[in-house]
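# Observations on the model geometry
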Amino acid sequence: MILVTGGAGYIGSHAVLGLRESGQDVVVFDDLVEGHAESVAGVPLVQGSLADRDLIEKTLRDYPVEAVMHFAARCYVGESVTNPAKYYQDNAVGMFQLLEAMRTVGVNKFVFSSTCAVYGTPDQVPITEKCERRPISPYGTTKRFCEEMLEDYCRAYDFAVVALRYFNASGSDPQGRLGEWHNPETHLIPRILRCELSGQTERLQVFGNDYPTPDGTCVRDYIHVTDLAEAHRLALGVMKAGEFQFFNLGTGKGCSVIEVIEAARKVTGAEVPYDVVGRRAGDPPELVAAVDKARDVLGFEASYKDIEETVRHAWNWLKNHPDGYPKA
Ligand code: UDP
């Protein structure tokens, strides 16, 4: 059985779906602050905080857990700058509590949700795993710190760890069973689509068009959340006791903000009016993954590389759930 922390969140719930479809038993641990119980209906769910080490230990004993997938974390770059304490507490201290509970109970297999934010502003693109980690936000700093903690646990306590550095998680289940719902929503694709749903009472802002990129807007690597789920499943197959392994997860293809807007126009059939405003603090011009290591070692390759298809999946869920998941 796999314990999935943050399993009721956007990426976690897609991973839970993928695991169950491959025949794995799963138990979810989630505080439901940002997660949605409905996204894991029918799956055992323990509602609790990572600050509660006793409850984590009890969960690890109550269920026959062999490995942990750890998604539970705060993930807003901007918020991490204004409220770093929340990130040090929930991401760094939270994971420490989880690792200590695992060590007490004797579970040592761990898949970690890391991020391309650990690289900061890279010297070169595409970004390989050899690129130095120089995060430029407290969010990225806490994730790098978690990676370092995990490396130490591998060396000292024989943990088996795979850290997956996601680029821009996007899209939703192609069959429309799950979606992305954050409040407030800050991510580009759902922002565009929610402006569309609001009849443009909310209007899209494009953060800067004076970057050194072909059309002046930021370039990102949008990786489908269903592909991320598959990579987590593959991670279980490559982990080895005493080894800390890490992989970038992306498509290898960059898309500018304007290209995403154009994809959304094609998907929804409506123009996407927008205002160009100033740059957002902490946004590097271009983040695109080198995908070779994930392909060669993990056996992972993104199956959704067409941004229009990814946006279509996001739109299919959102237009059927204009108010998101029901409140618990
Ligand atoms: N972006 C934008 N307007 C928005 C939200 C995002 O122009 O309302 C841009 C943002 O500056 C970045 C890209 O879209 O270049 C992707 O941002 P997002 O917040 O989705 O992901 P991030 O790259 O921060 O992980």
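Refer to the preceding data block for the structure.
Because the structure is a prediction, the values reported are computed rather than measured. (Residues numbered from 1 in each chain as written. Predicted model: local features only at pLDDT ≥ 70, side-chain atom pairs only at ≥ 80, totals over all residues. Heavy atoms only, no water.)

## Structural notes on the site of the ligand
Near the ligand, the surroundings consist of 15 residues, among which L188, Q205, C218, R280 and D283 are the closest. Q205 is positioned such that a nitrogen or oxygen atom in its backbone is 2.7 Å from a nitrogen atom of the ligand. Between the ligand and the protein, one listed contact pairs an oxygen atom with a side-chain N or O atom of D283 at 2.6 Å. A total of 510 Å² of accessible area belongs to the ligand in isolation, and the protein chains cover 88% of it. Those elements giving two or more residues to the shell around the ligand turn out to be α6 (188–197) and β8 (204–207). (Near = heavy atom within 4 Å. Polar contact = N/O pair within 3.5 Å; in protein donor to acceptor, adjacent residues only side chain to side chain. Areas by Shrake-Rupley, 256 points an atom, 1.4 Å probe, with all protein chains shown as cover. Helix = DSSP H or I, 4+ residues; strand = E, 2+ residues; numbered from the N terminus.)

## Points about the pairing of strand β5 (residues 109–115)
In terms of burial, β5 is largely enclosed, as 6 of its 7 residues are buried. Here strand β4 (residues 67–70) runs beside β5; their pairing, made up of 4 bridges, is parallel. Residue pairing across strands places V68 opposite F110, the latter belonging to β5. Two elements, β5 and strand β6 (residues 160–166), share 7 bridges in a ladder whose sense is parallel. (Buried < 20%, exposed > 50% of the residue type's maximum accessible area, 1.4 Å probe, protein only. Pairing = 2+ DSSP bridges.)

## Some points on the pattern of salt bridges
Counted under the stated rule, the structure contains 27 salt bridges. For the salt bridge of E151 with R155, the shortest nitrogen-to-oxygen distance reads 4.0 Å. In this pair, E151 and R155 are both assigned in helix α5 (residues 138–157), 4 residues apart and thus about one turn of the helix distant. For R155, a relative accessible area of 61% corresponds to the exposed category. The salt bridge partner of R312 is E308, with a shortest N-O separation of 3.3 Å. Here the residue R312 and the residue E308 both occupy positions in helix α10 (residues 307–320), the gap between them amounting to 4 residues, near one helical turn. By relative accessible area, which is 21% here, E308 ends up partly exposed. Overlapping salt bridges, with partners in common, bring together D31, E34, R74 and D90 in one network. (Salt bridge = Lys/Arg side-chain N within 4 Å of Asp/Glu carboxyl O.)

## Observations regarding empty space enclosed by the protein
Within this structure, the stated rule accounts for 2 cavities of 30 Å³ or more. When its volume is computed, the largest cavity comes out at roughly 60 Å³. Forming the boundary of the second largest cavity are G171, S172, E180, P190, A314, W317 and L318. Here the lining of the second largest cavity gets 3 residues from one element, more than from any other, and that element is α10. When the residues that make up the lining of the second largest cavity are grouped by side-chain class, the tally is 4 nonpolar, 2 polar and 1 charged. (1 Å grid on protein atoms, 1.4 Å probe; cavity = no way out; pocket = protein on both sides within 12 Å on 5 of 7 lines; lining within 4 Å. Points joined across faces, edges and corners; volume = space filled by probe spheres on them. Nonpolar A, V, L, I, M, F, W, Y, C, P; charged D, E, K, R; others polar.)

## Quick notes on the side chain of E100
Positionally, E100 belongs in helix α4 (residues 84–105). A distance of 2.6 Å separates a polar atom in the side chain of E100 from a polar atom in the side chain of Y153. When sequence neighbours within four positions are dropped, the list of residues in contact with E100 reads R53 and Y153. (Contact = heavy atoms within 4.5 Å.)

## What to know about the sheet that holds strand β14 (residues 286–287)
Here 3 strands make up an open sheet; going across it, the order is β12-β9-β14 and the pairing mixed. Looking along the sheet, the strands with just one partner apiece sit at the ends: β12 (255–256) and β14. Here strand β9 (residues 219–220) runs beside β12; their pairing, made up of 2 bridges, is antiparallel. In the sheet register, V219 faces β12, and the bridge partner there is S256.

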